[in-house]
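Summary of the model geometry
Here's the letter readout for the chains.
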Amino acid sequence: MTFTSHQELNKIITLLFKDYYSRSKLELPFDMELREFAYQPFGKDTYVRHLSFGSEKELLDYITHNIPLHLFFSSAKYQIPSADDMELKGWIGADLQFDIDADEICNPKTISFCPICGKVLTNSKCEEHGIATTFSEITGKCLSKALEQALTIKDILKDDFALDSKIYFSGNRGFHVYVECSGDCALMDSEERKQIVDYISGKCSQKFKGGRENDPGWIGRLAKGIEKTVFDEQVTIDVKRLVRIPGSIHGKSGLIVKKVESNNFSFDSSLCPFAGSAIFFPLITGEFQLLDSKVKMIRGDPIKLDVCLAIYAHLKGLGEVKLYVR
């Protein structure tokens, strides 16, 4: 059997992605003409960058002919977003974002295996084939903890900085808290954003002990038992970061980058834009958590799965989608 990586061009998944983008509704910034756009094609490890579009139709026309595995716009606003030299783009501001990963909070169960022979590995690579695939089980319970962090950050931004933000499921293993900035907020440099990071993370909060729950700021939060927040600080500090486009599909899961309105979040097939079933060819034997389902697999034995579970397992490297039935 010839090994095919999860990044390899799979015609079934490519066609499903293409069909989705032909009818999708993306959430784009009002000033999209100032943003750099980028995407990662199927079967490639690199991004196509420095793209610029003046309308959603123009962008959708492009991506239906250039199907993205991942799709982004820049948090930064530029005078010339299509310039291929970052110094020539002319930075004129950036939005503020926070990236919360569930696997930084919960230490998920992880398994490493050889996709060629199916052997579970204790070393970094298979001694015989020199390759390895790693699968981490992200659960709904773990994502709920990550969402709690996102909601706390949203509250701090509003209560302590008077900044309105939106929360998005990243499409894979966490959440993004996003502030559309203008004025002084947009013009903050990395050092100023670092000061916000230090405050929101709670690094200086311990000096505020002894308060009451209804006290403002970290005094009240500590009284409520909130001691810190966990997020990727570098994402917030970076003034030229790429942002996953809400409404796009995450290429490592097949799930939609989706706005979260409250703490009512379910990690299940409702996050997937596809319907139908698929025949899945496992590369490993075991029982695995796929979204909200436990699935038993035997290496080499094809199984019928809901297409959302099959695509999720394929993009996680557990096997191959061989047949799709709508």
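Placed above this text is the structure.
Residues numbered from 1 in each chain as written. Predicted model: local features only at pLDDT ≥ 70, side-chain atom pairs only at ≥ 80, totals over all residues. Heavy atoms only, no water.

**Quick word on helix 1 (residues 11-23)**
Counted at 1.5 Å a residue, the expected span for helix 1 with its 13 residues is 18 Å, and the 19 Å between its end C-alpha atoms agrees. For helix 1, the elements touching its buried residues are helix 2 (56-65), strand 3 (68-74), helix 10 (307-315) and strand 17 (319-325). Where helix 1 begins, the capping side chain belongs to Asn-10, and its oxygen is found 3.1 Å from the backbone nitrogen of Ile-12. (Helix = DSSP H or I, 4+ residues; strand = E, 2+ residues; numbered from the N terminus. Expected span 1.5 Å × (residues − 1). Contact = heavy atoms within 4.5 Å. Polar contact = N/O pair within 3.5 Å; in protein donor to acceptor, adjacent residues only side chain to side chain.)

**Notes on the packing of helix 1 against helix 10**
Orientation of helix 1 relative to helix 10, taken along the N-to-C sense of each, is 115 degrees, at an axis distance of 12 Å. Once helix 1 is placed against helix 10, the crossing between them reads as left-handed. Facing Ile-13, Leu-16 and Phe-17 of helix 1, the residues of helix 10 in contact are Val-307, Ile-311, His-314 and Leu-315. In terms of residue class, the contact of helix 1 with helix 10 is made up of six nonpolar, one polar and no charged. (Axes fitted to C-alpha atoms, helices over the stretch in contact; angles between N-to-C directions. Left-handed = near helix turned anticlockwise from the far one by under 90°. Nonpolar A, V, L, I, M, F, W, Y, C, P; charged D, E, K, R; others polar.)

**Focus: the nonpolar core**
Soluble, globular proteins show a tendency: their nonpolar side chains are buried together. Counting residues in each nonpolar core, the largest one holds 87 residues, and the members touching the most others are Phe-98, Phe-175, Phe-267, Leu-290 and Leu-318. Excluding anything up to four places from it in sequence, Leu-318 contacts Phe-113, Phe-135, Phe-280, Phe-281, Pro-282, Leu-283, Ile-284, Phe-288, Leu-290, Met-297 and Ala-313. (Core = buried A, V, L, I, M, F, W, Y, C linked by side-chain atoms within 4.5 Å. Buried < 20%, exposed > 50% of the residue type's maximum accessible area, 1.4 Å probe, protein only.)

**Some details on the state of the cysteines**
All chains considered together, the criterion is met by three disulfides. Between the sulfur atoms of Cys-181 and its disulfide mate Cys-185 the distance is 1.9 Å. Take Cys-181 and Cys-185: they sit in the same class, and that class is buried. A sulfur-sulfur separation of 2.2 Å characterises the disulfide bridge that pairs Cys-272 with Cys-308. On the S-S bond that ties Cys-272 to Cys-308, the torsion sits near -85 degrees, and the link is left-handed. Of this pair, Cys-272 sits in the loop between strand 12 (258-260) and strand 13 (277-282) while Cys-308 sits in helix 10, and the two are 36 residues apart along the sequence. What makes Cys-272 buried here is its relative accessible area of 9%. Counting only the cysteines that form disulfides, in the order they appear in the protein, gives the pairing 1-2, 3-4, 5-6. (Disulfide = S-S within 2.5 Å.)

**Concerning the packing of aromatic side chains**
Per the counting criterion, the structure on display carries 17 aromatic pairs. Ring-pair connections join several aromatic residues into one group, and the members of that group are Phe-37, Tyr-39, Phe-53, Tyr-62, Phe-73 and Tyr-178. When the ring centre of Tyr-78 is taken as origin, the NZ or CZ atom of Lys-89, which lies over that ring, is 5.4 Å away. (Phe/Tyr/Trp six-rings, centres within 6.5 Å; stacked < 30°, edge-to-face > 60°. Lys NZ or Arg CZ within 6 Å of the ring centre and 35° of its normal.)

**Looking at helix 2**
Within the span of helix 2, buried status applies to Glu-56, Leu-59, Leu-60, Ile-63 and Thr-64. Down the axis of helix 2, the buried set is contained in an arc of 125 degrees. They therefore lie on one face. Away from the buried face of helix 2 by more than 90 degrees, exposed residues Lys-57 and His-65 are located. (Arc of directions from axis to C-beta.)

**A few points about the pattern of salt bridges**
Under the defined criterion, the tally for this structure stands at 20 salt bridges. Across the pair Lys-25 and Glu-56 runs a salt bridge whose closest N-O atoms are separated by 3.1 Å. Residue Lys-25 is located in the loop between helix 1 and strand 1 (37-41), and its partner Glu-56 is located in helix 2; the two are separated by 31 residues in the primary sequence. Judged by its relative accessible area of 64%, Lys-25 falls in the exposed class. With a closest N to O distance of 2.8 Å, Lys-194 and Asp-198 form a salt bridge. Taken together, the positions of Lys-194 and Asp-198, both in helix 7 (residues 190-201) and four residues apart, correspond to about one turn of that helix. Lys-194 sits in the partly exposed class, given a relative accessible area of 26%. Three or more residues joined by partner-sharing salt bridges are found here, namely Asp-31, Arg-35, Lys-77 and Asp-95. (Salt bridge = Lys/Arg side-chain N within 4 Å of Asp/Glu carboxyl O.)

**Comments concerning the sheet that holds strand 17**
With respect to topology, three strands assemble into an open sheet ordered 16-13-17, the strand pairing being antiparallel. Two strands lie at the open edges of the sheet, namely strand 16 (303-306) and strand 17, each paired on one side alone. Across the sheet, the mean angle separating the axes of adjacent strands is 35 degrees when strand polarity is ignored. Note that strand 13 and strand 16 share four bridges and pair antiparallel. Bridging from a neighbouring strand, Ala-278 pairs with Leu-305 of strand 16. (Pairing = 2+ DSSP bridges.)

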